[in-house]
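Each chain is listed here by its residues.
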Amino acid sequence: MYFAEIQKLNSYFFHHIIKISKPTDWIRTDLFYVKISINNNSWKILVEDEFNDFSSTNKLVNWFLILYNLEHYIKTNDILEWSKEITVAPEDFLEYYRNLDTISKQIEHQIGTIDAQISSYDYTLRTGVYKELLKR
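What this report covers is the structure whose coordinates are included nearby.

Criteria and thresholds
- Residues numbered from 1 in each chain as written.
- Predicted model: local features only at pLDDT ≥ 70, side-chain atom pairs only at ≥ 80, totals over all residues.
- Heavy atoms only, no water.
- Helix = DSSP H or I, 4+ residues; strand = E, 2+ residues; numbered from the N terminus.
- Rg over C-alpha atoms; globule rule 2.2 N^0.38 Å.
- Buried < 20%, exposed > 50% of the residue type's maximum accessible area, 1.4 Å probe, protein only.
- Areas by Shrake-Rupley, 256 points an atom, 1.4 Å probe, with all protein chains shown as cover.
- Lys, Arg positive; Asp, Glu negative; His and termini not counted.
- Charge placed at Lys NZ, Arg CZ, Asp CG, Glu CD.
- Expected span 1.5 Å × (residues − 1).
- Contact = heavy atoms within 4.5 Å.
- Bend = angle between axes of the 7 residues up to and from the residue.
- Axes fitted to C-alpha atoms, helices over the stretch in contact; angles between N-to-C directions.
- Nonpolar A, V, L, I, M, F, W, Y, C, P; charged D, E, K, R; others polar.
- Core = buried A, V, L, I, M, F, W, Y, C linked by side-chain atoms within 4.5 Å.

1. Comments concerning the overall build of the protein chain
Moving on, step 1. When you go through the protein chain residue by residue, the secondary structure sums to 6 helices and 4 strands.
Moving on, step 2. The helix and strand sequence of the protein chain, counted from the amino end, reads α-β-β-β-β-α-α-α-α-α.
Moving on, step 3. Here the protein chain has a C-alpha radius of gyration of 14 Å; the compact-globule value for 136 residues is 14 Å, and the two agree.
Moving on, step 4. Its C-alpha atoms put the protein chain at 45 × 35 × 25 Å along the principal axes.
Moving on, step 5. Here the protein chain holds 136 residues, and 47% of them are scored as buried.
Moving on, step 6. A total of about 7700 Å² of accessible surface is found on the protein chain, and carbon and sulfur atoms cover 50% of it.
Moving on, step 7. In the protein chain, 15 side chains carry a positive charge and 19 a negative one; their mean positions are 8 Å apart.

2. Structural notes on helix α1 (residues 4-15)
Moving on, step 1. Between its first and last C-alpha, α1 extends 16 Å over 12 residues, near the 16 Å set by a 1.5 Å rise per residue.
Moving on, step 2. Inspection of α1 places Ile6, Leu9, Ser11, Tyr12 and Phe13 among the buried residues, and these make up the whole buried set.
Moving on, step 3. Each element contacted by the buried residues of α1 is listed here: β1 (18-20), α2 (59-75), α4 (94-111) and α6 (128-135).

3. A look at α4
Moving on, step 1. For α4, built from 18 residues, the straight-helix expectation of 26 Å at 1.5 Å per residue is met to within 8% by its first-to-last C-alpha distance of 26 Å.
Moving on, step 2. Its maximal kink placed at leucine 100, α4 deviates by approximately 35 degrees.
Moving on, step 3. Here α4 has its buried residues at Tyr96, Tyr97, Leu100, Ile103, Ser104, Ile107, Gln110 and Ile111.
Moving on, step 4. For α4, the secondary structure elements touched by its buried residues are α1, β3 (31-38), β4 (41-48), α2 and α3 (79-86).
Moving on, step 5. Of the residues flanking the end of α4, it is glycine 112, one or two places downstream, whose phi is positive at about 95 degrees.

4. Notes on the packing of α2 against α3
Moving on, step 1. The contact between α2 and α3 brings their axes to 9 Å, and the two run at 140 degrees. Listed contacts from α3 to His72, Tyr73 and Lys75 of α2 are Glu81, Trp82, Glu85 and Ile86.
Moving on, step 2. A breakdown of the residues in the contact of α2 with α3 according to their chemical character gives 3 nonpolar, 1 polar and 3 charged.

5. Here's the deal with the nonpolar core
Moving on, step 1. Judged by nonpolar contacts, the single largest core of 45 residues is most densely connected at Leu9, Ile45, Trp63, Phe64, Trp82, Ile107 and Leu133.
Moving on, step 2. Broken down by element, this core gets its largest block of residues, 10 residues, from α2.
Moving on, step 3. Once residues lying within four places of it in the same chain are set aside, the contact partners of phenylalanine 64 are Leu9, Ala116, Ile118, Tyr123, Tyr130 and Leu133.

This is the structure:
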């Protein structure tokens, strides 16, 4: 089945050198850091993975989760809203949150606008394009 969203996620790998590490520094089973490298520039990104989708074999799901979490940061108004959404104490992540503005701009400089392609509706309900993405 063809989904333009999946093709767009995959196209990043054709236009950029992207490497995503295995999760490290676990906060909870659904919250951890990954190191991402794009065109030899690296960042440590906090990933909330409420459905335990991060995979050792599905790079597209991993890429989606990184973009989805960065989008989440961009769309929130402040650290209180951001931390409430991922259920963490804001004071524990203040330094990381402060760095996210720079990180997201640096990543946008590499890939263009941060766009996870798949709606939170499809992701949360595990339907349509996200269901197909999990099969890849």
